[in-house]
Amino acid sequence: IRDRQGTDNYTATNTWSPAGKLTVENGGTINPGDQTITIGGATVIENGGTLLIDNAAGIFDAVGTFDASVGTITFTDEGRLKLKSVTADLGTNLTVGTGTIEYDFAGEQKIFNTDYNNLEIDGSGDKDVSANLTVNGNLIITNGALDFTNNGLGNFDLTLATDFSTATIRKVGTTELDTSATNVI
């Protein structure tokens, strides 16, 4: 990515929806600003590349595969990262801040193993958890099912770090709540 000034940084000033692949290279930054960026092809955040979400209205919508395994994702505001990839890799350089990560593929999807601020489950089908899951803000399930058994391969826990009065949980079927201080479901 090169902006008009010839740098490797791009902040959207309008809605942007390229159909092809987006690669953010070493030293580059992609930022939706207060807009929506929808990438129709693969998104790759390379080593030294950054996806920055620094505006509450900012949305980065990855319709194709998403790989930030060696890149950086940083939320400094309440923006949103939407993932349609069956298996998205958010990497180890993820700072969730106050942001929301939404899994919205219409079908089975793997939930990346990391701590989340706000986690939204949307799109039909199972969203499979392959390890214990921690959500520090709101958990919202608007469509689909959050599967803590990973199709029978495990039996994983959900820890909500917020008070139940401020957590949002919808459409999870039968759920037993432990009202202890750890808020484990």
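All of these numbers come straight from a predicted model, not from anything done at the bench. (Residues numbered from 1 in each chain as written. Predicted model: local features only at pLDDT ≥ 70, side-chain atom pairs only at ≥ 80, totals over all residues. Heavy atoms only, no water.)

**Some points on the sheet that holds strand E3 (residues 29–31)**
Turning to step 1, where the next piece is worked out: Strand order in the open sheet formed by five strands is E1-E3-E6-E9-E11, with parallel pairing between adjacent strands. Two strands in the sheet have a free side with no partner beyond their single neighbour: strand E1 (9–11) and strand E11 (93–95). Neighbour-to-neighbour, the strand axes of this sheet turn through a mean angle of 10°, independent of strand direction.
Turning to step 2, where the next piece is worked out: Bridge analysis of strand E9 (residues 72–75) against E11 gives three bridges, and the strand direction is parallel. Of the residues in E11, the one forming a bridge with Thr72 is Asn93. (Pairing = 2+ DSSP bridges. Helix = DSSP H or I, 4+ residues; strand = E, 2+ residues; numbered from the N terminus. Axes fitted to C-alpha atoms, helices over the stretch in contact; angles between N-to-C directions.)

**Here's the deal with the nonpolar core**
Turning to step 1, where the next piece is worked out: Phe60, Phe66, Leu81, Leu90, Ile101, Tyr103 and Leu133 are the most contacted members of the largest nonpolar core, which has 38 residues in total.
Turning to step 2, where the next piece is worked out: For Ile101, the contacting residues outside a window of four places in its chain are Phe75, Leu81, Leu83, Leu90, Leu94, Val96, Tyr116, Asn118, Leu119 and Glu120. (Core = buried A, V, L, I, M, F, W, Y, C linked by side-chain atoms within 4.5 Å. Buried < 20%, exposed > 50% of the residue type's maximum accessible area, 1.4 Å probe, protein only. Contact = heavy atoms within 4.5 Å.)

**Details of the environment of Ala145**
Turning to step 1, where the next piece is worked out: Within the fold, Ala145 resides in strand E19 (residues 145–147).
Turning to step 2, where the next piece is worked out: When the C-alpha positions of Ala145 and Asp128 are compared, they lie 8.5 Å apart, and in sequence the two are 17 residues distant.
Turning to step 3, where the next piece is worked out: Not counting residues up to four positions away in its chain, the partners in contact with Ala145 are Gly125, Asp126 and Lys127.

**Observations regarding the sheet that holds strand E20 (residues 158–160)**
Turning to step 1, where the next piece is worked out: Strand order in the open sheet formed by three strands is E14-E17-E20, and the pairing between neighbours is parallel. In this open sheet, the two edge strands, each paired with only one partner strand, are strand E14 (115–116) and E20.
Turning to step 2, where the next piece is worked out: Across two bridges, E14 lies against strand E17 (residues 133–135) in parallel orientation. Directly across from Tyr116, in E17, lies its bridge partner Val135.

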